[in-house]
Each structure stands twice: as C-alpha cells, then as structure tokens.
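Summary of structural features
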Amino acid sequence: MYYSRYTLYPVGALSARAAAQPREGVLLRGSNGGYACLQSWPELGDSPLEYELDALRDGTPLMLGERALHCIELDGQARARGESLFAGLSVPRSHATLTVSVTPAQVYDLHQRGFRMGKIKVIPKLASTVERLTNLAAMVPEWKWRVDFDCTLSMDETLQFWDMLPAALKERIDFVEDPCYYDVDEWQQLQDAGIPLGYDTPLHNERIIPKRTTKPMMRLVKPVRHHSNSGLPVFTSNLDHPLGQCWAAYNAALFYANKPAEEVPLCGLVTQHVYRPNAFSEALGLNITPEFRPPAGTGLGFDDLLQALDWKRL
C-alpha cells in the first residue's frame, strides 16, 4: 500500500472543538489500484493519524483504516472496469455547511445559490450563539436550520439554549445535533422538552447503547467512519479531502438509489468550500450549489490528479 500526505486550510473554525488550523490527512492507494482518504479528528475522539497509519502497517486497522480499506476495494474494482462508481446513481442534494465564523453575507450568497437549509457549527456561549443564529436566520426566512454543538453542552445548558430561542425560530430547527454526550435519560428529557435531536458523535458504535429514547432521532452517517443499512439517515462528509467527499457522496447515492425522492433528506456532501481551493476541490467545482457534481474519471474520479501525486510506500 502507498500513501500521499495532504494539508487542507480551513477558511474558518470548523467546529466548537476545532480551531481554524490546517488539517493533515493522507490519501491511500491499494495494490488493486483503488484509492481512499484517511483524515483523523483527534479533538472529536479519533485516534491520531499516525496511530491509524501504524495500525494499517501492522495489518490491524483501526476504525478509519477499516473503512478506508473498504473504499480502496470498491474504488479499485470500478477503476479496473473503467467505470465511475457514480454511473447510474443520483447523489442527494445538500444543506449548506456553515463554519463557526460564517457571515450574514455568506449565508445570503448561499441562499442565492439555491440552498434552503443550513447546518451551522456553533460554540457553547449561549447568549451570543442564540443572537447570532437569530440574526442569520432573519437573513433567509425560507431556511430551516441544523445546529451542531459537538457535545459541548450539558443537558441543562441544552434546555437553556432551547428556552432562549424565539418561538418562531424553534419552528425552523430541523434538529440540534450532539448538544451533549448521549445519556438515554437526559436525551429523553430533551425530547420531552420539544427539542428535535440528531446524533453523530455519541453513538459511533450503536451496539454499546442499551436503551433508546421513545422518540426518533436523526442519524448522521459519515461513511469514512461507519455505514448505515436502515432508516433515513443524513449522510455527510468528514470535512475531509474531496476524495473523501466523493466516498460519502457515493454511499449516500447508493443507499438512496431506490428510495422515493420525497423521502431523501438533505445531506451534507458539498463541503469543499470550507477549505481554501486546491486542484481536487476545483475538479469538484467551486461554484457551490446544493447539487454534488461528481468529478470525471473512473472509480471515485480524479484519475490524473491522483496519478500525479508523490506516493510513498506505507
């Protein structure tokens, strides 16, 4: 196996736990000619990137490594056939992915580009977050909102946040994602208070959760971390390299291939704009709209760009 390192440069802070600092990752190339992306988020609980790479060298891959190997397998098979993995598939439309520092002008621009829902990363300073969310929402009255705290609140703070929101804005909240770490009794109280919830971080391994709340929650799926075979989840990228975006988009398209269009939720697959442009994001397109446009090429695409990288043996 071979690897090629990359660095992505955020245009703003990407979450309450992640500063606007460069993100390091690697692209992997398998013996079958397939490719994958591996980018770790240690501040969100991932093993460090070097741990993931060491585990791959030892033949005992960790969570991200296992998913990368699966991507390499499928990507390599498609490249060997000379086919795109996206052939015959339709990628779900996306919400607007918004950084912590997004401005009203940027939100309005995304509205002009066709977005009608925003997923915003917010910080655990409740008064300023409520004020900012209210101001942004006033710019685009047609929008609904997904609000992601990355588990930075307590249950009581989550209830306080909900109480502070204007009633009209509560009606426009699609879900609050990961307000606090999952606890079935606490999350039940949040639901009983009327808060629509979505989960990603708390349930990486759903088998460890012995009990569930009585009301449904929105499941968020990052294909670089886990897969989904049930429900109507929201697929998102891992805010990673455009190759990782394509892996997320392919999995979303495959999952929803036979579902009625009206049942397919907006996903979070158009995320290249949260970083400074590079050759790969330019191939995806910098004219950001809710439609994900797969790159040309075989497998997940980017044939020429991938071949031109500096590859080293893992």
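The structure reproduced in this document is the subject of the present report. Here the structure is a predicted model, which means the values were calculated and not measured.

The rules behind these values
Residues numbered from 1 in each chain as written. Predicted model: local features only at pLDDT ≥ 70, side-chain atom pairs only at ≥ 80, totals over all residues. Heavy atoms only, no water. Helix = DSSP H or I, 4+ residues; strand = E, 2+ residues; numbered from the N terminus. Rg over C-alpha atoms; globule rule 2.2 N^0.38 Å. Buried < 20%, exposed > 50% of the residue type's maximum accessible area, 1.4 Å probe, protein only. Contact = heavy atoms within 4.5 Å. Areas by Shrake-Rupley, 256 points an atom, 1.4 Å probe, with all protein chains shown as cover. Lys, Arg positive; Asp, Glu negative; His and termini not counted. Charge placed at Lys NZ, Arg CZ, Asp CG, Glu CD. Pairing = 2+ DSSP bridges. Phe/Tyr/Trp six-rings, centres within 6.5 Å; stacked < 30°, edge-to-face > 60°. Lys NZ or Arg CZ within 6 Å of the ring centre and 35° of its normal. Salt bridge = Lys/Arg side-chain N within 4 Å of Asp/Glu carboxyl O. Polar contact = N/O pair within 3.5 Å; in protein donor to acceptor, adjacent residues only side chain to side chain. Expected span 1.5 Å × (residues − 1).

**So, the overall build of the protein**
- Within the protein, the regular secondary structure consists of 10 helices and 11 strands.
- For a compact globule of 314 residues, the expected C-alpha radius of gyration is about 20 Å, and the protein comes in at 19 Å, within 12% of that figure.
- Taken over the C-alpha atoms alone, the protein extends approximately 55 × 45 × 40 Å along its principal axes.
- Expressed as a percentage of the 314 residues in the protein, the buried residues total 53%.
- Contacts in the protein between residues far apart in sequence, at least 24 positions, make up 65% of those at least 6 positions apart.
- When the accessible surface of the protein is split by element, carbon and sulfur atoms take 51% of a total near 13,700 Å².
- Distance between charge centroids for the protein: 2 Å, based on 31 positive and 37 negative side chains.

**A word on the sheet that holds strand β8 (residues 197–199)**
- Read across the sheet, seven strands follow the order β4-β5-β6-β7-β8-β9-β10 without closing on themselves; strand pairing throughout is parallel. Of all strands in the sheet, those bounded by a partner on one side alone are β4 (96–98) and β10 (234–235).
- Summarising the sheet, strand β7 (residues 173–177) and β8 pair through two bridges and their orientation is parallel. Bridging across to β8, Val 176 finds its partner in Leu 197.

**Some points on the packing of aromatic side chains**
- In the structure shown here, the tally under the stated rule is 11 aromatic pairs.
- Between Trp 247 and Tyr 250 the ring centres are 6.0 Å apart and the planes differ by 25 degrees, which places this aromatic pair in the stacked class. Taken together, the residues Trp 247 and Tyr 250, both in helix α8 (residues 242–255) and three residues apart, mark about one turn of the helix. As far as the burial class goes, Trp 247 and Tyr 250 line up, both buried.
- With a centroid separation of 4.9 Å and an interplanar angle of 80 degrees, the aromatic rings of Phe 255 and Tyr 256 are classed as edge-to-face.
- The class of Phe 255 is buried, set by a relative accessible area of 15%.
- Clustering of aromatic rings is evident, with ring pairs tying together Phe 86, Trp 247, Tyr 250 and Phe 292.
- A cation over a ring is seen here: Arg 23 above Trp 41, with NZ or CZ 3.8 Å from the ring centre.
- Over the ring of Tyr 2 we find Arg 29, and its NZ or CZ is 4.7 Å from the ring centre.

**A short note on the environment of Arg 116**
- Relative to the helices and strands, Arg 116 is located in the loop between α3 (104–112) and β5 (117–121).
- For the pair Arg 116 and His 70, spaced 46 residues apart in the sequence, the C-alpha separation amounts to 33 Å.
- When residues no more than four places from it in sequence are discounted, the contact partners of Arg 116 are His 111, Glu 142, Trp 143 and Lys 144.

**Details of the pattern of salt bridges**
- What the rule picks out here adds up to 16 salt bridges.
- Between Arg 225 and Asp 46 there is a salt bridge; the shortest N-O distance is 2.5 Å. You can see Arg 225 sitting in the loop between β9 (218–221) and β10 and its partner Asp 46 sitting in the loop between β3 (35–38) and α1 (49–57), a full 179 residues away along the chain.
- A relative accessible area of 6% means that Arg 225 is categorised as buried.

**Looking at the sheet that holds strand β2 (residues 23–29)**
- Here four strands make up an open sheet; going across it, the order is β3-β2-β1-β11 and the pairing antiparallel. Every interior strand has two partners, whereas the edge strands, β3 and β11 (312–313), have only one.
- Both strand β1 (residues 2–8) and β2 contribute to a ladder of seven bridges, which runs antiparallel. Residue Thr 7 lies in a different strand from β2, and its bridge partner there is Glu 24.

**A few points about the side chain of Arg 67**
- Locating Arg 67 in the fold gives a position in helix α2 (residues 63–81).
- Nearest to the buried, unbridged Arg 67 among oppositely charged side chains is Glu 66, at 7.7 Å.
- A polar contact is formed between the side chain of Arg 67 and the backbone oxygen of Pro 223, at a distance of 2.8 Å.
- Look past the residues within four positions of Arg 67 in its chain and what remains in contact with it is Pro 223, Val 224, Arg 225, His 226, His 227, Trp 247 and Asn 251.

**Details of the environment of Pro 196**
- Residue placement: Pro 196 occurs in the loop between α7 (184–192) and β8.
- Exposure remark for Pro 196: the relative accessible area of 26% places this residue in the partly exposed category.
- Apart from the residues within four sequence positions on either side, Pro 196 is in contact with Trp 162, Ile 173, Asp 174, Phe 175 and Val 176.

**Re α2**
- With 19 residues, α2 should cover 27 Å at 1.5 Å per step; its first-to-last C-alpha distance of 28 Å lies within 8% of that length.
- Here α2 has its buried residues at Leu 64, Gly 65, Arg 67, Ala 68, Cys 71, Ile 72, Asp 75, Gly 76, Ala 78 and Arg 79.
- On its buried side, α2 packs onto β2, β3, α1, α8 and α10 (303–307).

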